[in-house]
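Examination of the molecular architecture
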Amino acid sequence: MSDNVTSQMSFLEHLEELRWRLIKSIIAILFGGSFCFLFIDEILHTLIAPIHNLSNPPDLQVLKVQGMFMIKWGVALLGGIVVAIPVLTYQMAKFIGPGLYKDEKKVMVPLVFFSYMAFLVGIVFAFYVLIPYSLGFFTSMGMMEVKNNFSINYYFSFISMLLLGSGVIFELPIVVFILSAIGLLTPAFMRHYRRHAIVVILVLSAFITPPDPISLVFISIPLVFLYEISIGVSWMVNRSK
């Protein structure tokens, strides 16, 4: 068999492995979504809870016949993705694992664990800090003659974007750790381009948050702090190397 055929078979084998990794990931999401749907009412009550502590709490309204049905399945699916993140990261790690050195493979399991914990910390930050302040600001802008009646579809869309967006940006130290470990980032480089990074942070925050300046500011401030923490992470990685 020629080298060309051998490399072609190897490429097809990689595609087959990728296919099975994706199938397993989708199954994990579906199982996670099904599990979340068993407790969907409790989850919805938890997500609605921040409005009860507002000085001017809004009334949530269903404006479509199938509104609650779509919301319950949509929230359950998002919950399934959150629950399945360890499985998703594990499948990704197993797919790229054969191309890593032995020392690099040792950090895969801790990396999966800490990446999931960072994501959960981001969700907790959004739920207890970002969402209450955002809702408090927007509901305080009302008038006596105008009632705060929010579409429940928009409310959950707003909440979901903040939760997932915050979870994603809290992965910044993990991403910096990986890039520093493979030699693409150094503390000197990150300090030199700090001002450029702040601009990128503002642009990124605008994409992952609802289109309003308050949410943009609230998500940008912790991201700037995370960037400074990431400089320290890069320093520790390069120091150990």
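Analysis parameters
Residues numbered from 1 in each chain as written. Predicted model: local features only at pLDDT ≥ 70, side-chain atom pairs only at ≥ 80, totals over all residues. Heavy atoms only, no water. Helix = DSSP H or I, 4+ residues; strand = E, 2+ residues; numbered from the N terminus. Contact = heavy atoms within 4.5 Å. Areas by Shrake-Rupley, 256 points an atom, 1.4 Å probe, with all protein chains shown as cover. Axes fitted to C-alpha atoms, helices over the stretch in contact; angles between N-to-C directions. Parallel < 35°, antiparallel > 145°, perpendicular 65-115°, else oblique. Nonpolar A, V, L, I, M, F, W, Y, C, P; charged D, E, K, R; others polar. Salt bridge = Lys/Arg side-chain N within 4 Å of Asp/Glu carboxyl O. Buried < 20%, exposed > 50% of the residue type's maximum accessible area, 1.4 Å probe, protein only. Phe/Tyr/Trp six-rings, centres within 6.5 Å; stacked < 30°, edge-to-face > 60°. Patch = residues over 30% accessible without salt bridge, like charges linked within 9 Å, V, L, I, M, F, W, Y side chains within 5 Å. Core = buried A, V, L, I, M, F, W, Y, C linked by side-chain atoms within 4.5 Å. Expected span 1.5 Å × (residues − 1). Lys, Arg positive; Asp, Glu negative; His and termini not counted. Arc of directions from axis to C-beta. pLDDT = per-residue confidence, 0-100.

Looking only at helices and strands, the protein chain has ten helices and two strands in total. Along the protein chain, from the amino end to the carboxyl end, the secondary structure elements read α-α-β-α-α-α-β-α-α-α-α-α. Once local pairs closer than 6 in sequence are excluded, the contacts in the protein chain between residues at least 24 apart make up 84%. With an accessible surface of roughly 15200 Å², the protein chain has 72% of that area assigned to carbon and sulfur atoms.

Turning our eyes to something else, we now look at the packing of helix α2 (residues 40-48) against helix α6 (residues 152-169). Two numbers describe how α2 lies on α6: the axes approach to 11 Å, and their chain directions differ by 85°. Classified by the angle their axes make, α2 and α6 are roughly perpendicular. Listed contacts from α6 to Leu-44, Leu-47 and Ile-48 of α2 are Tyr-155, Phe-156, Ile-159 and Leu-163. Of the residues assigned to the contact of α2 with α6, the class counts are seven nonpolar, no polar and no charged.

Two side chains with opposite charge may pair up if their charged atoms get near one another. Per the counting criterion, the structure on display carries two salt bridges. Between Lys-72 and Asp-41 there is a salt bridge, with its nearest N and O atoms 3.3 Å apart. In this pair, Lys-72 is assigned in helix α3 (residues 67-96) and Asp-41 in helix α2, connecting sequence segments 31 residues apart. What makes Lys-72 partly exposed here is its relative accessible area of 25%.

Take the packing of aromatic side chains next. One pass over the structure, following the stated rule, counts seven aromatic pairs. On the basis of an interplanar angle of 40° and a centroid distance of 5.6 Å, the ring pair of Phe-125 and Phe-170 is categorised as tilted. Within this pair, whereas Phe-125 is found in helix α5 (residues 108-140), its partner Phe-170 is found in the loop between α6 and α7 (172-181), the two being separated by 45 residues in sequence. Among the residues examined, Phe-125 registers a relative accessible area of 22% and is labelled partly exposed.

Attention now goes to a nonpolar patch on the surface. Among the surface-exposed residues, Leu-12, Leu-15, Leu-18 and Leu-22 lie close enough to one another that they form a single nonpolar patch of about 330 Å² accessible area. Along the polypeptide, Leu-18 turns up in helix α1 (residues 3-38).

Attention now goes to the environment of Val-233. With respect to the helices and strands, Val-233 occurs in helix α10 (residues 213-240). Under the relative-accessibility criterion, Val-233 is labelled buried at 15%. Apart from residues lying up to four places away in sequence, Val-233 is in contact with Pro-173 and Phe-177.

This part covers the nonpolar core. Ranked by internal contacts, the top residues of the largest apolar core, which has 39 residues, are Val-75, Leu-135, Tyr-155, Phe-156, Ile-159 and Leu-163. When contributions to this core are tallied by element, the ones reaching two or more residues are α2, α3, α5, α6, α9 (194-208) and α10. Non-local contacts of Tyr-155, meaning those with residues more than four positions away in its chain, are made with Leu-47, Ile-48, Pro-50, Ile-51, Leu-60 and Leu-135.

Another point: α6. With 18 residues, α6 should cover 26 Å at 1.5 Å per step; its first-to-last C-alpha distance of 26 Å lies within 8% of that length. All of the buried residues in α6 are Ile-152, Tyr-155, Phe-156, Phe-158, Ile-159, Ser-160, Leu-162, Leu-163, Gly-165, Ser-166, Gly-167 and Ile-169.

Quick look at the side chain of Glu-171 now. Along the chain, Glu-171 turns up in the loop between α6 and α7. In this structure, Glu-171 is buried with no salt-bridge partner, the nearest side chain bearing the opposite charge being Arg-21 at 19 Å. Ignoring sequence-local partners within four residues, the contact set of Glu-171 consists of Ser-115, Ala-118 and Phe-119.

Let us look at the environment of Ala-84. Within the secondary structure, Ala-84 sits in helix α3. In this structure, the C-alpha to C-alpha distance between Ala-84 and Ile-29, residues 55 residues apart in sequence, is 5.4 Å. Ala-84 has contacts with Ala-28 and Ile-29, leaving out every residue within four places of it along the chain.

So, on to α7. An α-helical turn contains 3.6 residues, so a residue and the one three or four places further along point in the same direction. Of the residues making up α7, those classed as buried are Pro-173, Ile-174, Val-176 and Ser-180. Looking down the long axis of α7, one finds its buried residues gathered within 160° of arc, a one-sided arrangement. Positive phi shows up at Gly-183, right after α7, with a value of about 90°.

Here we come to the confidence of the model for the protein chain. For residues with low pLDDT, the predicted coordinates do not support detailed interpretation. For the protein chain, mean pLDDT is 78; residues scoring 70 or higher make up 82% of the total. The secondary-structure element of the protein chain with the lowest mean pLDDT is helix α4 (residues 102-106), recorded at 59, while α2 shows the highest, at 91.

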